[in-house]
Amino acid sequence: MKKCFLIPSIGIEIAEMITLRPVFLLLLLSFLWTCRSASSALTRLPAFGESELFVSEEIFLLKDLIPITNKKEIFNKNLFVGDLNFSGGIAREKTIWGEQVVTKQIEFLNETGVKGESVNYVRSIVTNSFKTYQKFTILQPSKLFQIQFERDLTKVADEGVDNINIPNEIPQLTLSPNVDFKGKKGVLLVPIIQYAYSHNAGWFNGQDWGCMAGVRAKLLLVWIQMETKSVLHVEGLESKQKEATNVRYNYLERSRIFQKIWKEIEVQI
């Protein structure tokens, strides 16, 4: 008799599970979306209250906001925008970090072309992501920030074969005391391209194993309180790609991968 009563009950339980399956799926998707949203750039912003929101009319390159013009130094600080061509093997060089492996020869190529592409991509990203922000023209952008660099000791999974110089120096931005916001009040977003480059196989500074060809870009989103002339929040968004073989990108291939990289950065917002 017990067996006769168990069979229908099992059937009911199975039916209930089938009925509840869409509910579980919906809850799972909701949880995954919440996790994705929780890790996005905008959810990490401080509360702005009723502040008016503005965005810089111009997209800046970080290297243009600091008093450094030497291309090797710009590269060393991971601020280069353009194409890198490594050649000549490796050498050892004394630096403030100690003796490091470096590439013997580096060509800095196509800076104007990569700058133009990158600025256009970022302008599109900003337009799509910050539709409610009002446009604002910054006077004397080179005098906007006081910038110092802090050594980043964070280990990464591909330490020593990554396509970036180590140690990585993280820019610390504070506003210049005499910056002029033309009497405007509210929060101003300043988009800054820290770096955007393609490269063939070679050695970035401090990397004994080197790496194959690749592309890398990083965008800084800097929010400023104009009344107090203070930096409220800085968000660094980046993406990279490394190839399995040593290739030197032609223009069309490099442009295609840059487009992919900037789309991946946009998703992070």
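Remember, it's a predicted structure, so these values are computed and weren't measured experimentally. (Residues numbered from 1 in each chain as written. Predicted model: local features only at pLDDT ≥ 70, side-chain atom pairs only at ≥ 80, totals over all residues. Heavy atoms only, no water.)

### Re the packing of helix α3 (residues 111–129) against helix α4 (residues 251–267)
Where α3 contacts α4, the two axes come as close as 10 Å, and the packing angle between them is 30 degrees. Classed by the angle they form, the pair α3 and α4 counts as roughly parallel. As for the relative orientation of α3 and α4, their crossing is right-handed in sense. The segment α3 lies against α4, with Val 114, Glu 117, Ser 118, Tyr 121, Val 122, Ile 125, Asn 128 and Ser 129 engaging Tyr 251, Arg 254, Ser 255, Phe 258, Gln 259, Trp 262 and Glu 266. (Axes fitted to C-alpha atoms, helices over the stretch in contact; angles between N-to-C directions. Helix = DSSP H or I, 4+ residues; strand = E, 2+ residues; numbered from the N terminus. Parallel < 35°, antiparallel > 145°, perpendicular 65-115°, else oblique. Left-handed = near helix turned anticlockwise from the far one by under 90°. Contact = heavy atoms within 4.5 Å.)

### What to know about the pairing of strand β1 (residues 53–56)
Two strands pair when backbone bridges link them, and β1 and strand β8 (residues 187–199) are joined in this way by 3 bridges, in the parallel orientation. Across the sheet, Leu 53 pairs through a bridge with Val 187, a residue of β8. Looking at chain direction, β1 and strand β5 (residues 134–136) are connected through 3 bridges and run parallel. Directly across from Val 55, in β5, lies its bridge partner Lys 135. (Pairing = 2+ DSSP bridges.)

### Details of the packing of aromatic side chains
As enumerated under the stated definition, the model contains 11 aromatic pairs in all. For the pair Phe 130 and Tyr 133, a centre-to-centre distance of 5.1 Å together with 65 degrees between the ring planes defines the contact as edge-to-face. Of the two residues examined, Phe 130 and Tyr 133, each falls in the buried class. Here the aromatic residues Phe 75, Phe 80, Phe 86, Phe 108, Tyr 195, Tyr 197 and Phe 204 are joined through ring pairs into a cluster of three or more. (Phe/Tyr/Trp six-rings, centres within 6.5 Å; stacked < 30°, edge-to-face > 60°. Buried < 20%, exposed > 50% of the residue type's maximum accessible area, 1.4 Å probe, protein only.)

### A look at the nonpolar core
Core analysis: the biggest nonpolar cluster contains 34 residues, and Phe 145, Phe 181, Leu 188, Val 190 and Ile 192 have the highest contact counts within it. Elements represented by at least two residues in this core include exactly α2 (71–76), β3 (81–95), β6 (145–152), β7 (168–175), β8 and β9 (214–225). The leading source of residues in this core is β8, at 5 residues. (Core = buried A, V, L, I, M, F, W, Y, C linked by side-chain atoms within 4.5 Å.)

### Thoughts on α3
In a regular helix each residue adds 1.5 Å, so 19 residues correspond to 27 Å; α3 covers 26 Å between its end C-alpha atoms and thus fits that length. Of the residues making up α3, those classed as buried are Val 114, Glu 117, Ser 118, Val 119, Val 122, Ile 125 and Val 126. The inward-facing, buried residues of α3 abut β1, β2 (60–61), β3, β8, β9 and α4. (Expected span 1.5 Å × (residues − 1).)

### Concerning the pattern of salt bridges
Throughout the structure, instances matching the rule amount to 13 salt bridges. The salt bridge partner of Lys 77 is Glu 169, with a shortest N-O separation of 3.2 Å. Residue Lys 77 is located in the loop between α2 and β3, and its partner Glu 169 is located in strand β7; the two are separated by 92 residues in the primary sequence. Judged on exposure class, the residue Lys 77 and its partner Glu 169 are both buried. Among the salt bridges present, the one from Asp 162 reaches Arg 216, with a minimum N-O distance of 3.1 Å. Of this pair, Asp 162 sits in the loop between β6 and β7 while Arg 216 sits in strand β9, and the two are 54 residues apart along the sequence. For the pair formed by Asp 162 and Arg 216, the shared burial category is buried. (Salt bridge = Lys/Arg side-chain N within 4 Å of Asp/Glu carboxyl O.)

### Quick notes on the environment of Leu 144
Structurally, the position occupied by Leu 144 is in the loop between β5 and β6. Accessibility expressed as a relative area gives 0% for Leu 144, which makes it buried. Put simply, Leu 144 and Ser 176 are 32 residues apart on the chain and 5.7 Å apart in space, counted from C-alpha to C-alpha. Here Leu 144 is in contact with Ile 138, Thr 174, Leu 175, Ser 176, Val 179, Phe 181 and Val 190, once residues within four sequence places are set aside.

### Some words on the environment of Leu 220
Mapped onto the secondary structure, Leu 220 falls in strand β9. For Leu 220, a relative accessible area of 3% gives the class buried. With 160 residues separating them along the chain, Leu 220 and Phe 60 place their C-alpha atoms 9.7 Å apart.

### Brief notes about the confidence of the model for the protein
Any residue range with low pLDDT should be treated as having predicted coordinates unsuitable for detailed reading. Taken over all residues, the pLDDT of the protein has a mean of 85, while the share at 70 or more is 84%. Note that pLDDT drops below 50 for residues 1–8; the model gives that stretch 0 contacts with residues more than four away or on any other chain. Taken as a whole, residues 22–37 scores under 50 in pLDDT and shows 2 contacts with residues more than four places along the chain or in a different chain. (pLDDT = per-residue confidence, 0-100.)

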